[in-house]
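Chain by chain, the residues run as shown.
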Amino acid sequence: LQYHFPEGFWWGSSASATQTEGAADIDGKGKNIWDHWYEIEPNRFFNAVGPQDTSQFYYKYKEDIKLMKEIGHNSFRLSISWSRMFPKGKGEVNKKAVDFYNSVIDEMVETGIEPFVNLYHFDMPMALQDIGGWENRDTVDAFEGYAATCFQLFGDRVAKWFTHNEPIVPVEGGYLYNFHYPNIVDFKKAVQVGYHTILSSAKAIKKYRDMNMDGKIGIILNLTPSYPRSQNPADLKASKIADAFFNRSFLDPSVKGEFPSDLVAILKTEGFMPAMAAGDLDIIQQNTVDLLGINYYQPRRVKAKEHARNPDAPFLPELYFDHYEMPGRKMNVHRGWEIYEKGIYDILMNVKENYGNIECFISENGMGVEGEERFRDENGMIQDDYRIEFISEHLKWVHKAISEGSNVWGYHLWTFMDNWSWSNAYKNRYGFVSVNLEKDAERTVKKSGHWFKKVANMNGF
Ligand code: BGP
């Protein structure tokens, strides 16, 4: 083996409730923002396919968990649907939801796949969105209650918890760049939403520890290493500001318990400091994560601002920098994202050097490809060699980081099986396993799934 990984490395994949379960209005589940948005604007979604048409994990989880085992998984990350557990976001827990998650978790444990459970993956219950969602501090309390219920009900079998997946994405999508509900542009609200999310994470972590649970709790962040166009001071400065807005904004409070001072200075100058209550900052400071999940897809390339600021334009972080397209960059054309494998190593080294080398793992990395059916061979297998190359090129850099002392403990692909994606629906396919939407969501393992099995079983490649 050229690339050998440490004993006990977590091999697996990740997914989320809204993207896989289906059964969106069944067994007492309440609506979340995606159900609602689809109802009022179905054409926003690729081919007008909404979250009720996902891969039917709700019905097929037993088969799926068997398949996970078959392709070498020792762990799998799922999320709990808040609006399935609490149809109104709080109040009485939905017994059918408890039965479902109990059964999924039991099945995983019996099969030998460690459940990594995330509490919030973009899916605000509509009843709470109606009072402002994360804009409203009451949602922080509701989240704490929901989290405590999950710890209580499932914590005997789940030893790895995550409060949020990519908490910056609902801020960007919902309040800055128009790709999540409520789909407005309002930086003041964006900051409040981000702040409440961080507070909710710290409060859930505190709850977990107060309840003396036996396990670890963390957060999953999408980190986009910020690279300047050149080493000119102006480019370097722009890149550092972009890093503050998009990485350190959530990484610093989650791991260090404090907000980055350069970001706070900008928020103060611009008049965007969020409303806070006495004691909040202590809670954030005292309840940092045990474990960090890192989602990595693409870098962020940045250059100094080239045009003067338009005082009439709504405030966006881009007032402080411009995006930069590096000539000759490698692209995933289906998603429009740059592929830069070394980025994963740079993140891990940054976490090692500047974040106390906290225990971490790659919680998402992957390649969405449109029209994969054309790669299906006569035996029915999708020959996704590009995915194998994508994964192995990233794993090489993870391996190098380990050899230089990084405390990284796993690699989860996004995603296990092709699933429904926020606004892109089923356009791009990411899975180790393909899902045939025309044929009762029939699953077939792709070449990458068979390859991954070998990697996981040999602990390297
Ligand atoms: C991450 C999300 C996932 C997943 C993935 C791929 O940001 O955590 O939920 O969707 O990106 O992105 P997309 O589906 O938009 O192509």
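Basis of the calculations
- Residues numbered from 1 in each chain as written.
- Predicted model: local features only at pLDDT ≥ 70, side-chain atom pairs only at ≥ 80, totals over all residues.
- UniProt positions renumbered as here; feature names shortened; annotations may be inferred.
- Helix = DSSP H or I, 4+ residues; strand = E, 2+ residues; numbered from the N terminus.
- Rg over C-alpha atoms; globule rule 2.2 N^0.38 Å.
- Buried ≥ 20, exposed ≤ 12 C-beta atoms within 10 Å, placed from the backbone.
- Contact = placed C-beta atoms within 7 Å.
- Pairing = 2+ DSSP bridges.
- Axes fitted to C-alpha atoms, helices over the stretch in contact; angles between N-to-C directions.
- Expected span 1.5 Å × (residues − 1).
- Near = placed C-beta within 6 Å.
- Nonpolar A, V, L, I, M, F, W, Y, C, P; charged D, E, K, R; others polar.
- Left-handed = near helix turned anticlockwise from the far one by under 90°.
- Core = buried A, V, L, I, M, F, W, Y, C linked by C-beta atoms within 7 Å.

The protein is annotated in an unreviewed UniProt entry as 6-phospho-beta-glucosidase of Peribacillus simplex. Annotation of the protein in UniProt includes, under Sequence similarities (unreviewed entry), the sentence "Belongs to the glycosyl hydrolase 1 family."

A. Broad picture of the overall build of the protein. Secondary structure summary: the protein contains 15 helices and 17 strands in total. A compact globule built from 461 residues should have a C-alpha radius of gyration of about 23 Å, and the protein, at 21 Å, falls within 12% of that. Expressed along its principal axes, the backbone C-alpha trace of the protein runs to roughly 60 × 55 × 45 Å. Residues counted as buried form 49% of the 461 residues belonging to the protein. Of all intrachain contacts in the protein linking residues separated by at least 6 positions in sequence, the fraction that spans at least 24 positions is 77%.

B. Just the UniProt feature "active site" (unreviewed entry) in the protein, in detail. Feature annotation in UniProt assigns "active site" (unreviewed entry) to the following positions: E364. Of note, E364 is situated in strand β12 (residues 360-364). Exposure remark for E364: the 23 C-beta atoms within 10 Å place this residue in the buried category. Not counting chain neighbours up to four residues away, the residues in contact with E364 comprise S14, N295, H412 and W414.

C. Molecular detail of the sheet that holds β12. Strand order in the closed barrel formed by 8 strands is β1-β2-β3-β4-β5-β7-β12-β14, and the pairing between neighbours is parallel. Across the sheet, the axes of successive neighbouring strands diverge by a mean angle of 25°, strand direction being ignored. By the bridge criterion, 5 bridges tie strand β5 (residues 216-222) to strand β7 (residues 291-295) in an arrangement that is parallel. Note that in β7 the partner of N222 across the bridge is N295.

D. Spatial organisation of helix α2 (residues 33-40). Buried within α2 are the following residues: I33, W34, D35, W37 and Y38. For α2, the secondary structure elements touched by its buried residues are α1 (17-20) and α6 (126-129).

E. Spotlight on helix α13 (residues 342-354). Over its 13 residues, α13 extends 18 Å from the first C-alpha to the last, a length consistent with the 18 Å expected when each residue adds 1.5 Å. The set of residues buried in α13 consists of G343, I344, Y345, I347, L348 and V351. Its buried side turned inward, α13 meets β7, β12, α14 (385-403) and β14 (408-414). One or two residues past the end of α13 sits G356, with phi positive at roughly 65°.

F. Looking closely at the site of the ligand. Around the ligand there are 15 residues in total, and S16, E166, G368, W414 and S421 lie nearest to it. Here the residues of the shell around the ligand sort into 3 nonpolar, 9 polar and 3 charged.

G. How the structure looks around the packing of α14 against helix α15 (residues 447-458). Following both chains from N to C, one finds α14 and α15 inclined at 35°, their axes separated by 8 Å at the closest point. Here the hand of the crossing between α14 and α15 comes out right-handed. Together, D385, R387, I388 and I391 of α14 and K447, S448 and W451 of α15 make up the contact between the two elements. Here the residues of the contact of α14 with α15 are counted per class, giving 3 nonpolar, 1 polar and 3 charged.

H. Representation of unusual backbone geometry within the structure. A cis geometry characterises the amide bond from Y181 onward to P182, with omega recorded as 10°. As for its position among the elements, P182 is in the loop between α8 (168-175) and α9 (187-210). Here the bond from W414 into T415 is cis, since omega is 15°, no more than 30 degrees from zero. Relative to the helices and strands, T415 resides in the loop between β14 and β15 (428-429).

I. Here's a closer look at the environment of G449. Along the chain, G449 falls in helix α15. Contact partners of G449, with chain neighbours within four places excluded, come to I71, F432 and V433.

J. Quick peek at the sheet that holds strand β6 (residues 226-228). Here we have 3 strands laid out as an open sheet, ordered β6-β8-β9, and mixed in their pairing. This sheet does not close on itself; its edge strands, each paired only once, are β6 and β9 (322-323). Across 3 bridges, the pairing between β6 and strand β8 (residues 300-303) is parallel. Opposite P228, over in β8, you have V302 as the bridge partner.

K. Seen up close, the nonpolar core. Residues L292 and V398 are the most contacted members of the largest nonpolar core, which totals 117 residues. Top element by residues in this core is α9. It accounts for 10 residues. Not counting residues up to four positions away in its chain, the partners in contact with V398 are I344, L348, I362, V408 and Y411.

L. Just the packing of helix α7 (residues 137-154) against α9, in detail. Orientation of α7 relative to α9, taken along the N-to-C sense of each, is 30°, at an axis distance of 9 Å. Here the hand of the crossing between α7 and α9 comes out right-handed. Here R137, T139, V140, F143, E144, A147, A148 and F151 of α7 lie close against α9, whose contacting residues are H196, L199, S200, K203, A204, K207 and Y208.

M. Main features of the pairing of strand β1 (residues 10-14). With 5 of 5 residues buried, β1 lies mostly within the body of the structure. Across the two faces of β1 the burial is the same, with W10, G12 and S14 and W11 and S13 all buried. Alignment of β1 against β14, held across 5 bridges, turns out to be parallel. Each bridged residue has a counterpart across the sheet, and for S13 the counterpart in β14 is L413.

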